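Each chain, written out:
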Amino acid sequence: MAYDWFKRGAEREPGLPKPGREIEEQQEAREAGTSEPNVTEDDSLAWAREAYARLKTQQRAESGPTEIEPVGIFKSQPEHLVKPEEMPAQADQSIAEVPQQQTQSLFGQPVIQHQEHPQQTQQVSVPFTAARSRTEPELEKPVLGAFDDTFAWSADVLAAQGRLANTVSVEEIDWLGRLRRGLEKTRRGFVTGLLENFGSDPLTSEVLDDLEARLLRADVGVKATDHALQALRRRMNEEVVEPVEGLHLLKQQLTEILEVPIRASGVSLLAPVRGHLNIWLVVGVNGVGKTTTLGKLANLATRSGYSTMIAAGDTFRAAAVQQVQIWGDRSGVPVVANTSNNADPAAVVFDTIGAARSRGTDLVLVDTAGRLHTKRNLMEELQKIRRTVDRQAPEAKVESLLVLDASQGQNGLRQAAAFAQAADLTGVAITKLDGTSRGGVALAVASEVRLPIRFIGAGEGILDLRPFNSFEFIEALLARH
Ligand SMILES: Nc1nc2c(ncn2[C@@H]2O[C@H](COP(=O)(O)OP(=O)(O)O)[C@@H](O)[C@H]2O)c(=O)[nH]1
Ligand SMILES: [Mg+2]
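Bear in mind the structure is a predicted one, so any value in this text is a computation, not a measurement. (Residues numbered from 1 in each chain as written. Chains lettered and ligands numbered in written order. Predicted model: local features only at pLDDT ≥ 70, side-chain atom pairs only at ≥ 80, totals over all residues. Heavy atoms only, no water.)

A.B. asks: So what's going on with unusual backbone geometry? Residues and values would help.
C.D. replies: Notably, D219 is not glycine yet its phi reads approximately 70°, a positive angle. Of note, D219 is situated in the loop between α7 (205-217) and α8 (222-238). Given a relative accessible area of 8%, D219 falls into the buried group. Positive phi, normally seen in glycine, also occurs at R450, with a value near 60°. (Helix = DSSP H or I, 4+ residues; strand = E, 2+ residues; numbered from the N terminus. Buried < 20%, exposed > 50% of the residue type's maximum accessible area, 1.4 Å probe, protein only.)

A.B. asks: Describe in detail helix α15 (residues 441-449), supporting the description with residues and values.
C.D. replies: Owing to its 3.6 residues per turn, the α-helix aligns residues three or four sequence positions apart on the same side. When you tally the buried positions in α15, you get seven out of nine residues, the bulk of the element. Turning to α15, its buried residues are V441, A442, L443, A444, V445, A446 and S447. Directly after α15, the chain includes R450, whose backbone phi takes a positive value near 60°.

A.B. asks: Just give me the short version of the site of ligand 1, but keep the residues and values in it.
C.D. replies: Taken together, 17 residues are adjacent to ligand 1, and G287, K290, T292, D434 and E460 come closest. Contact between ligand 1 and T291: an oxygen atom at 2.9 Å from a side-chain N or O atom of the residue. Compared with its free state, where it exposes 590 Å², ligand 1 has 79% of that area covered by protein. The leading source of residues in the shell around ligand 1 is helix α10 (residues 290-303), at four residues. Looking at the shell around ligand 1, its residues break down into three nonpolar, nine polar and five charged. (Near = heavy atom within 4 Å. Polar contact = N/O pair within 3.5 Å; in protein donor to acceptor, adjacent residues only side chain to side chain. Areas by Shrake-Rupley, 256 points an atom, 1.4 Å probe, with all protein chains shown as cover. Nonpolar A, V, L, I, M, F, W, Y, C, P; charged D, E, K, R; others polar.)

A.B. asks: Tell me about α10, and please be specific about residues and values.
C.D. replies: Look at α10: 20 Å from first C-alpha to last across 14 residues, which is about the 20 Å you get at 1.5 Å a residue. For α10, the tally of buried residues reaches 13 of 14 residues, placing the bulk of the element in the interior. Immediately beyond the C-terminal end of α10, within one or two residues, lies G305, with a positive phi of roughly 85°. (Expected span 1.5 Å × (residues − 1).)

A.B. asks: Give a description of the environment of K185 that names residues and reports values.
C.D. replies: Residue position: K185 is located in helix α6 (residues 184-198). For K185 and R438, which are 253 residues apart along the polypeptide, the C-alpha to C-alpha distance reads 8.2 Å. In contact with K185, other than residues within four places in its own chain, are G435, T436 and S437. (Contact = heavy atoms within 4.5 Å.)

A.B. asks: An account of the pairing of strand β3 (residues 278-283) is needed here, citing residue identities and associated values.
C.D. replies: Taking burial as the measure, the six residues of β3 include six buried ones, the bulk of the element. Here β3 shows two buried faces, one formed by N278, W280 and V282 and the other by I279, L281 and V283. Of the pairings in the sheet, the one linking β3 to strand β6 (residues 363-368) comprises five bridges and is parallel in character. Its bridge partner being in β6, L281 is matched across the sheet by V366. (Pairing = 2+ DSSP bridges.)

A.B. asks: Account for the environment of A355, with residues named and values stated.
C.D. replies: With respect to the helices and strands, the residue A355 is situated in helix α12 (residues 345-359). A residue is classified by how much of its surface remains accessible, and A355, at 7% relative accessible area, is buried. Distance in space between the C-alpha atoms of A355 and V336 is 8.5 Å, their sequence separation being 19 residues.

A.B. asks: Any details on the nonpolar core? Residues and values, ideally.
C.D. replies: Grouped together as the largest cluster of nonpolar side chains are 97 residues, with contacts concentrated most on L211, I279 and F473. Counting residues per element, this core draws most heavily on helix α9 (residues 243-265), at seven residues. Ignoring anything within four residues of it in the chain, the contact list for I279 reads I353, V364, V366, V389, A393, A396, K397, V398 and E399. Listed in part, the 27 residues of the second largest apolar core include A271, A312, V324 and A429. (Core = buried A, V, L, I, M, F, W, Y, C linked by side-chain atoms within 4.5 Å.)

A.B. asks: An account of the pattern of salt bridges is needed here, citing residue identities and associated values.
C.D. replies: Enumeration over the complete set of coordinates arrives at 21 salt bridges. A salt bridge links R438 to D219, with the nearest nitrogen and oxygen atoms 4.0 Å apart. Here D219 lies in the loop between α7 and α8 and R438 lies in the loop between β8 (427-431) and α15, a separation of 219 residues in the sequence. (Salt bridge = Lys/Arg side-chain N within 4 Å of Asp/Glu carboxyl O.)

A.B. asks: How would you sum up the packing of helix α5 (residues 170-182) against helix α16 (residues 470-477)? Please name residues and give values.
C.D. replies: Where α5 contacts α16, the axes come no closer than 8 Å and their chain directions differ by 50°. One way to sum up the angle between α5 and α16 is to call them oblique. Note that α5 runs across α16; the crossing there is right-handed. Facing α5, whose interface residues are W175, L176, L179 and R180, α16 presents E472, F473 and A476. Considered class by class, the residues forming the contact of α5 with α16 number five nonpolar, no polar and two charged. (Axes fitted to C-alpha atoms, helices over the stretch in contact; angles between N-to-C directions. Parallel < 35°, antiparallel > 145°, perpendicular 65-115°, else oblique. Left-handed = near helix turned anticlockwise from the far one by under 90°.)

A.B. asks: Just give me the short version of the packing of aromatic side chains, but keep the residues and values in it.
C.D. replies: Applying the stated criterion to the full structure yields eight aromatic pairs. Plain terms: the ring middles of F6 and Y306 are 5.6 Å apart, the flat faces sit at 80° to each other, and that makes the pair edge-to-face. Linking F6 in the segment before α1 (22-32) with Y306 in the loop between α10 and β4 (308-313), this pair joins segments that are 300 residues apart in sequence. Under the relative-accessibility criterion, F6 is labelled buried at 0%. One aromatic cluster in this structure is built from F6, W280, Y306 and F455. Above the ring of Y306, the side-chain terminus of R274 is found at 3.9 Å from the ring centroid. Sitting above the plane of the W5 ring, R466 keeps its charged end 3.9 Å from the centroid. (Phe/Tyr/Trp six-rings, centres within 6.5 Å; stacked < 30°, edge-to-face > 60°. Lys NZ or Arg CZ within 6 Å of the ring centre and 35° of its normal.)

Have a look at this one:
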């Protein structure tokens, strides 16, 4: 059984403590280089060493001659692709479903042969077939790096969530490193100064004023900032608050802000429901990273053992279909596309639902346009897609994910308001957390748009997207380095 990335984090060991403040203490102890033996620090280092040694042994075993076969590879067999001259020439819609062959299913599903849509003219764009034959799905595993500060930090974050050293994977360590690196710019502008200000003396109201300014600069938003500071001020009125305690409180408050909409949705971790048709619409303005996010999601789903299909619903830009096809190829995921000009995206979605049903596909990812001639056109198109989904697949579990570019900061909030109605949003994916100092916008989204953040992207690579975990996000945002 493939490791289910969508459910990562749900495997907390029963009976182990909830995320605690030891993480601040450990980090502070390490920072200060305390010469006195510190029980907490020793424990955490021992945990990290044990996890590292186990992962190293595991990796050595896996890189031996009996390599574990990657999950979910669709073998590329270009000769099975339908050639344009073989297609029936009738009707006016031209839908190309590429690729359509799957000779061997690794998900226990029947072997599928290509089935053409009877009512549609099939047209395959030649460049797509060429692109497919060149690429191999990118499903290889990340490699374990050195036992360094990043590993130790990642281990602390996993241990603080109640994980056992013998249950962590290289993928998790790799992702936490990516997340921490991705948030570096936000951290540099925000945390470094903050931690210096927190210093070693108890918190003062000046320190809190400075904190307020920093939170606002990182695009955390007025509401979330007020909420976090209120709690700190309350505590300061009651007692002297030491810096470690203050930092812990701040992290707790910020995590809670992110958790409120997640709790309200009733779904703590968004994952496709196995044995069901799941349809996830990916919406947002032009250039925010919709197609990239969808491509990364296709990879994550394939790695996690979900059979996946992509609907190329951005028919507005000629290059968009080609772009999504390349992403599909990278994970061996079939793409249903219409290569004719001004094709109707709702028709593409209609065809994808039919194809997904006949194959027993778990997850359909729908790419959409971010710009049409007018905003009204765009919203109408999204509504039409949504109606098609609701009508054609009433049994499906539908998610409507708004993609927001973190570097656009508070602009994202306006975009959310515009899309909320047309697309009936259920969640948010935040992209481009790397390369921006506005990573705090995740908090503004949670407190002001009130939608759960489901995924975060922190880079352009295929592995640079993961399900959102608020504890890890805040730890990465407020990490010391
Ligand atoms: N640095 C970085 N770039 C990203 C990320 N996600 C997407 N991009 C880039 O943003 C640009 C626009 O992405 P695209 O998916 O085409 O946006 P769309 O118009 O919304 O579909 C591309 O150059 C992507 O490589 C991310 O998480 N980090
Ligand atoms: Mg796109």
